[in-house]
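# Residue-level structure breakdown
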Amino acid sequence: MEWLFLDLNSYFASVEQQERPELRGRPIGIVPLITENTCCIAASYEAKAYGVKTGVNVAEAKLLCPHIELVEARPKLYVEYHHRIVEAVNSCIPVTSVMSVDEMACKLMGRERALPNATTLALDIKQSLRTVGATLRCSVGLAPNRYLSKIASDLCKPDGLTAFLLRDLPQALYCLKLSDLVGVGRAMEKRIHGNGITTVEQLCQLSPEQMRRIWNSVLGERLWHWLRGADFHSPEFKRKSLGKQHVLPPKYRTREQALFVALKLLHVSAANLRKLKMWAGGIGAVVEFLKKRPARFDGEGVEVPAWKAHMRIHECRDTVILQGYLTKLWDSCPAQEPLQVGIWLFNLVPDELHTLSLFEDDEKRHRISTVVDELNQRYGQNAVYFGGIHSVLDSAPTRISFTSIPDLDDF
Ligand SMILES: [Mg+2]
């Protein structure tokens, strides 16, 4: 087990039942406003038993459950409880990421990963929630990756505990519906059906390439790996690119100096890329220019359009090779007075999906880059750097600390 996912059951309704004991044990629906023209944004278990689901409109809810009590939502209260819940979970295991007001994921470490220990931990968490509110229940999912842990947490409600073991994958998923898979919405389901696939079992018979084709993106391929329990960071929903920008001090406002600053930004970004265990399939650069002021003219000056260029590249995370690409891009940069430079790396893919390079020296180059990263981490940024940026070392101070990169452990 690598991940524990926690999903509060009937969260808003449970908080209301905690705050107002007279509502406990009764079917209630939470509505944004008390009016006939709205729908339930949450329902208590007791209301769910009558078929009242999230999103059902008030008229329908009353038809399904005539004695349902409608309660106006108190968002601030739910956020307050949220913070107390996170604290309670944190007292059992550090919360790796908070996904929403009622969902969080925890990366398991060391002995926690053994199923009996992970199970005990889940029960401890459930217990600690009761200290926040006696009415609070959660469903817990345990799995080899975060994606599957979320799916597991959805399977048994309320107060459930479900685990997917690596050795049972993907067969353990065959009982699910396609729409049970996170990321398979109605449109996606239609597209999968269009390919003659109607069950998760059939989906699991496909190759990574076929999945990629159906999804028309690398996401399909990722899903193939996730369904088999692979655990890799794929900040795909958030991080598709990374990069940095810097406003040039006056002494660097030439085309040549701007390139050096851009190379330095690249040097930092490439180190981040390696730290994230990702590869870039593209590189881009942007330069904004100072306004042009014709002689004997003291008006506003004339706007010079920014220069922007990018190229797709063979998947790469090596600083030297990336510098070569950037220098090549720079050929098309006009010789205006630059004000700001930026670089970005895009089409990022994680290690697991990186098509291994056929170039022999890639591995050696990669080792050099890694050594440089290690030296810089140990002795401070710029302890070791690549030739070409030394003239601008005092520019673009690095504000990124490796420990504070967000999204690092997302999925
Ligand atoms: Mg929930």
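Residues numbered from 1 in each chain as written. Predicted model: local features only at pLDDT ≥ 70, side-chain atom pairs only at ≥ 80, totals over all residues. Heavy atoms only, no water.

### Notes on the overall build of the protein
Worth spelling out the cut-off: Labels follow the DSSP assignment, with helices taken as runs of H or I lasting at least four residues and strands as runs of E lasting at least two, numbered in each case from the N terminus. Think of it in three bands: residues with accessible area under 20% of the maximum for their type are buried, residues over 50% are exposed, and the middle band is partly exposed, with areas taken using a 1.4 Å probe on protein chains only. Throughout, a residue-residue contact means that at least one pair of heavy atoms, one from each residue, lies within 4.5 Å. For every accessible area listed, the method is Shrake-Rupley and the probe measures 1.4 Å; residues are considered covered only by the protein chains on display.
Scanning the protein for helices and strands turns up 13 helices and 13 strands. Within the span of the protein, comprising 411 residues, buried residues form 48% of the whole. Contacts spanning at least 24 positions in sequence make up 67% of the contacts within the protein whose residues lie at least 6 apart. Looking at the protein as shown, the accessible area adds up to about 20500 Å², and 54% of this sits on carbon and sulfur atoms.

### A closer look at the pairing of strand β2 (residues 28-31)
Rule in force here: A pair of strands is considered paired only if DSSP assigns at least 2 bridges between the two.
On β2, burial covers both faces: I28 and I30 on one face and G29 and V31 on the other are all buried. Pairing of β2 with strand β3 (residues 42-43) involves 2 bridges; the strand directions are antiparallel. Each residue of the ladder has a partner; that of G29, found in β3, is A43.

### Side note on the pairing of strand β1 (residues 3-8)
Of all 6 residues that make up β1, 6 are buried, and the element is covered over most of its length. On β1, burial covers both faces: W3, F5 and D7 on one face and L4, L6 and L8 on the other are all buried. Note: β1 against strand β6 (residues 103-107), 5 bridges, orientation antiparallel. Residue L4 lies in a different strand from β6, and its bridge partner there is C106. In this structure, β1 lies alongside strand β7 (residues 138-143), joined through 6 bridges in antiparallel fashion. Looking at β7, one finds that L8 is bridged to C138.

### Regarding the coordination of the magnesium ion
Inclusion rule: The donor set covers N, O and S atoms within 2.8 Å of the metal, switching to 3.2 Å for Na, K and Ca, and it leaves out water, so a site may look short of donors.
Listed as protein donors to the magnesium ion are D7 (OD), L8 (O) and D102 (OD); their distances from the metal cover 2.2 to 2.4 Å. Counting gaps between the donor residues of the magnesium ion yields the pattern D-L-x93-D. Of this pair, L8 sits in strand β1 while D102 sits in the loop between β5 (97-100) and β6, and the two are 94 residues apart along the sequence. With a relative accessible area of 3%, L8 lands in the buried category.

### Some points on the sheet that holds β2
How we decide: Orientation is described by lines fitted to C-alpha atoms, with helices fitted over the stretch in contact, and by angles between N-to-C directions that extend from 0 to 180 degrees.
What the 3 strands build is an open sheet, ordered β3-β2-β4; its pairing is mixed. Edge positions in the sheet fall to β3 and β4 (69-72), since each has one partner strand and no second. The strands touched by helix α1 (residues 11-19) within the sheet are β2, β3 and β4, with β2 carrying the most contacts at an inclination of about 110°.

### A few points about the confidence of the model for the protein
The cut-off we apply is this: Confidence of the predictor at the level of single residues is given by pLDDT, which spans 0 to 100.
Residues at a pLDDT of 70 or more form 82% of the protein, whose mean pLDDT is 84. Throughout residues 356-361 the model reports pLDDT below 50, and contacts reaching past four residues in sequence, or to other chains, amount to 3 contacts. Long-range and interchain partners of residues 396-411, a stretch whose pLDDT sits below 50, account for 41 contacts in this model, where long-range means more than four residues apart.

### Re the pattern of salt bridges
Our working rule: By definition, a salt bridge exists where a carboxyl oxygen of Asp or Glu is found within 4 Å of a side-chain nitrogen of Lys or Arg.
Scanning the model with the defined rule gives 14 salt bridges in all. Note that D7 and K157 form a salt bridge whose closest N and O atoms lie 3.6 Å from each other. Taken together, the positions of D7 in strand β1 and K157 in the loop between α6 (146-155) and β8 (161-163) put the pair 150 residues apart, joining distant regions of the chain. We classify K157 as partly exposed; its relative accessible area is 48%. When salt bridges that share partners are traced, they join E2, K107, R113 and D231 into one network.

### Regarding the packing of aromatic side chains
Filter applied, for reference: Pairing of aromatic side chains here covers Phe, Tyr and the six-membered ring of Trp, requires ring centres within 6.5 Å, and sorts the geometry by plane angle: under 30 degrees stacked, over 60 edge-to-face, intermediate tilted.
If you walk through the whole model with that rule in mind, you get 6 aromatic pairs. Here the aromatic rings of F12 and Y78 are separated by 4.4 Å at their centres, their planes lie at 10°, and the arrangement is stacked. Within this pair, whereas F12 is found in helix α1, its partner Y78 is found in helix α4 (residues 75-90), the two being separated by 66 residues in sequence. A connected cluster of aromatic rings, assembled from ring pairs, spans Y11, F12 and Y78.

### Observations concerning the environment of V287
By the element assignment, V287 lies in strand β10 (residues 278-289). Judged by its relative accessible area of 0%, V287 falls in the buried class. In this view, V287 contacts A306, W307, W330, C333, P338, Q340 and V341; residues no more than four positions away in its chain are not counted.

### Focus on α1
Across the 9 residues that make up α1, a large majority, 7, are buried. Buried within α1 are the following residues: Y11, A13, S14, V15, E16, Q17 and Q18.

### Comments concerning the sheet that holds β6
One open sheet accounts for 5 strands, arranged β5-β6-β1-β7-β8; its pairing is mixed. The open sheet has two free edges, formed respectively by β5 and β8, since each of these has just one partner strand. In this sheet, neighbouring strand axes are inclined to one another by 20° on average, regardless of whether the strands run parallel or antiparallel. Across 3 bridges, β7 lies against β8 in parallel orientation. Of the residues in β8, the one forming a bridge with L142 is A163. Sitting on the sheet, α6 is in contact with β1, β5, β6, β7 and β8, with an inclination near 140° to β7.

### With respect to the side chain of S153
In this structure, S153 sits in helix α6. Given the relative accessible area of 1%, S153 is considered buried. Contact partners of S153, with chain neighbours within four places excluded, come to F5, D7, S139, V140 and G141.

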